[in-house]
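Notes for the structure review
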Amino acid sequence: MKRTVSEQLFAKAKTYFPGGVNSPVRAFKSVGGTPIFIERGNGAQVHDADGNIYIDYCCSWGPLILGHNNARVRNSIIDAVQLGTSFGAPTRKENELAELILGFNKYIQKIRFTSSGTEAVMSGIRLARGYTGRVKILKFEGCYHGHSDSLLVKAGSGLVTFGETSSAGIPESFVKETIVVPLNNKEAIIQAFAQFKDQIACVIIEPIPANNGLLLQTKEFLQFLREQCTANGTLLFFDEVISGFRVCFCGAAGLYNIQPDIITYGKIIGGGLPVGAYGASNEIMASISPDGPVYQAGTLSGNPVAMSAGIAQLTECLKPNFYADLETKTNYMVNKIKDAFAHETPFFTFYTIGSIFWIAFSTTPITTAEAIDADSMKHFRILHAELINRGIYIGPSGYEVGFISEAHTYPQLDETVTAFVEALHVVKANMQQPA
Ligand SMILES: *Cc1c(COP(=O)(O)O)cnc(C)c1O
């Protein structure tokens with residue numbers, strides 16, 4: 001496989017952008033090598049600048065649940081563009097997307113559109129603080145909520161800790177308001193509420209944590225959070241930017257049937273264009289300006305082109321069996337790969353839910369960030385390189401999950417199985433070599 005053009009483009013890009021990219025993980029730092037520059041995508045496939053073709057399981061990190069260049073989404077974008085791209089005034093498209101989301105979702109009554117997931121979460125946090133009059137927030141190690149200041153924090157040492165910044169440029173005073181606890185740990189929650197009684201505005205969680213491996217939580221743990229939040233006057237905040245419309249139309253809230261107080265969406269609701277959203281009950285949303293005192297705005301919020309893409313995509317997601325079919329495909333692919341190693345000593349584990357999958361080079365169950373062995377990422381590096389060479393594109397980090405779209409066909413899944421099995425054999429052979 002030739003990469004000459006990608007290499008040239010990346011060399012140029014490095015003179016323009018830090019690390020040559022506009023979002024860090026794209027730089028291939030954790031897997032090594034040159035990022036692949038994509039020219040175009042169609043269905044499950046992407047074509048790179050050197051003319052190589054890949055079956056894509058990154059799917060733009062989740063938004064493309066219908067695959068690339070879906071005709072309905074594309075046509076809705078073209079139709080919208082022909083009427084103008086942005087007005088800074090309300091359009092009927094905002095109503096239509098809101099109707100689609102709220103009409104099928106009993107968990108929120110009002111919504112506000114933003115232009116990214118980060119912005120949605122940042123605004124939701126402000127809403128939680130404004131509504132409760134409390135300052136502190138509680139997050140979980142291993143959950144990603146975008147890159148706003150109060151959420152770029154990681155756990156210190158100890159069960160319940162104030163965050164330590166995971167980025168330069170964030171004042172210590174900010175992160176002192178963010179409490180960080182491990183996932184799947186009731187004791188930590190009880191301790192946090194005891195220690196910070198009446199101070200915690202919200203508990204924010206990815207109900208299906210999928211940004212740092214796939215750290216599936218039990219319904220029981222999520223229910224426990226609901227009960228603890230209710231008992232303490234704290235809002236439960238489900239960040240569903242990745243899980244919303246991915247596992248079912250009503251996201252993780254619907255899947256587990258748990259009523260959070262605030263929900264954020266993003267990724268899929270934009271049909272591949274930049275959109276985020278936060279929603280809550282009428283009562284809580286009444287705090288948002290211009291109705292209430294919590295300020296939040298956006299020049300391009302509710303942009304009609306992005307709304308149109310979202311409407312087209314979500315309309316497709318409502319088709320009968322849409323989510324069941326995606327899950328069937330995921331299980332088909334993953335089970336075939338697992339079956340190929342059924343008679344060998346286990347050395348990897350697949351985690352899946354709906355159309356999300358994650359492979360870990362470990363055989364002990366992983367439900368927390370700290371259970372992921374950083375050293376095992378050297379195996380992922382090999383897997384990634386071997387898959388790329390066989391025309392399979394997955395996100396360039398072992399902490400990232402893969403996505404299966406409606407566009408992935410069974411022959412493409414079979415091709416992927418073959419490539420995966422070969423690649424895993426290379427990984428295994430490498431593990432067995434003396435260091
Ligand atoms: C992707 C993601 C975000 C951030 O969204 P952006 O659109 O990248 O700003 C926030 N929370 C979760 C759970 C996400 O998956």
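Refer to the structure presented above.
Residues numbered from 1 in each chain as written. Predicted model: local features only at pLDDT ≥ 70, side-chain atom pairs only at ≥ 80, totals over all residues. Heavy atoms only, no water.

1. A short note on helix α4 (residues 117–132)
- Here α4 contains 16 residues, and its C-alpha end-to-end distance of 22 Å stays within 8% of the 22 Å for a straight helix at 1.5 Å per residue.
- For α4, the complete set of buried residues consists of Gly117, Thr118, Glu119, Ala120, Val121, Ser123, Gly124, Ile125, Leu127 and Ala128.
- Residue Gly133 follows α4 closely and has a positive phi angle near 70°. (Helix = DSSP H or I, 4+ residues; strand = E, 2+ residues; numbered from the N terminus. Expected span 1.5 Å × (residues − 1). Buried < 20%, exposed > 50% of the residue type's maximum accessible area, 1.4 Å probe, protein only.)

2. Examining the sheet that holds strand β9 (residues 178–182)
- Read across the open sheet, the eight strands follow the order β4-β13-β12-β11-β10-β5-β9-β7; overall the sheet is mixed. Sheet topology places β4 (110–114) and β7 (161–162) at the edges, where each strand pairs with a single neighbour.
- Packing against the sheet, helix α6 (residues 186–195) makes contact with β5 (136–141), β9 and β10 (200–205), and its axis sits at approximately 155° to β9. (Pairing = 2+ DSSP bridges. Contact = heavy atoms within 4.5 Å. Axes fitted to C-alpha atoms, helices over the stretch in contact; angles between N-to-C directions.)

3. A closer look at helix α10 (residues 304–317)
- If you check α10, its first and last C-alpha atoms are 20 Å apart, about what 14 residues at 1.5 Å a residue would give, namely 20 Å.
- Buried residues dominate α10, accounting for 13 of its 14 residues.
- Between a side-chain oxygen at the N-terminus of α10 and the backbone nitrogen of Val305 the separation is 3.0 Å; the capping residue is Asn303. (Polar contact = N/O pair within 3.5 Å; in protein donor to acceptor, adjacent residues only side chain to side chain.)

4. Thoughts on the packing of aromatic side chains
- Applying the stated rule across the entire model yields 19 aromatic pairs.
- Plain terms: the ring middles of Phe245 and Phe249 are 4.9 Å apart, the flat faces sit at 90° to each other, and that makes the pair edge-to-face. Comparing Phe245 with Phe249, the two get one shared label, buried.
- Seen from their ring centres, Phe350 and Phe420 are 5.9 Å apart, and the 55° between their planes marks the pair as tilted. (Phe/Tyr/Trp six-rings, centres within 6.5 Å; stacked < 30°, edge-to-face > 60°.)

5. Comments concerning the environment of Tyr295
- You can see Tyr295 is positioned in the loop between α9 (282–285) and α10.
- Taking the C-alpha atoms as reference points, Tyr295 and Ser123, 172 residues apart in sequence, are found 8.6 Å from one another.
- Contact partners of Tyr295, with chain neighbours within four places excluded, come to Arg126 and Ser289.

6. Quick look at the nonpolar core
- Counting 112 residues, the largest nonpolar core has Ile101, Phe113, Phe140, Leu383 and Leu424 as its most contacted members.
- In terms of domain composition, this core takes at least three residues from each of domain 1 (4–69 + 321–431) and domain 2 (71–317).
- Setting aside chain neighbours within four positions, we find Ile101 in contact with Ile108, Ile111, Phe113, Phe245, Tyr265, Ile269 and Leu314.
- If you look at the next biggest cluster of nonpolar residues, it comprises 19 residues, including Val121, Ile204, Phe237 and Tyr278. (Core = buried A, V, L, I, M, F, W, Y, C linked by side-chain atoms within 4.5 Å. Domains from an automatic or database assignment.)

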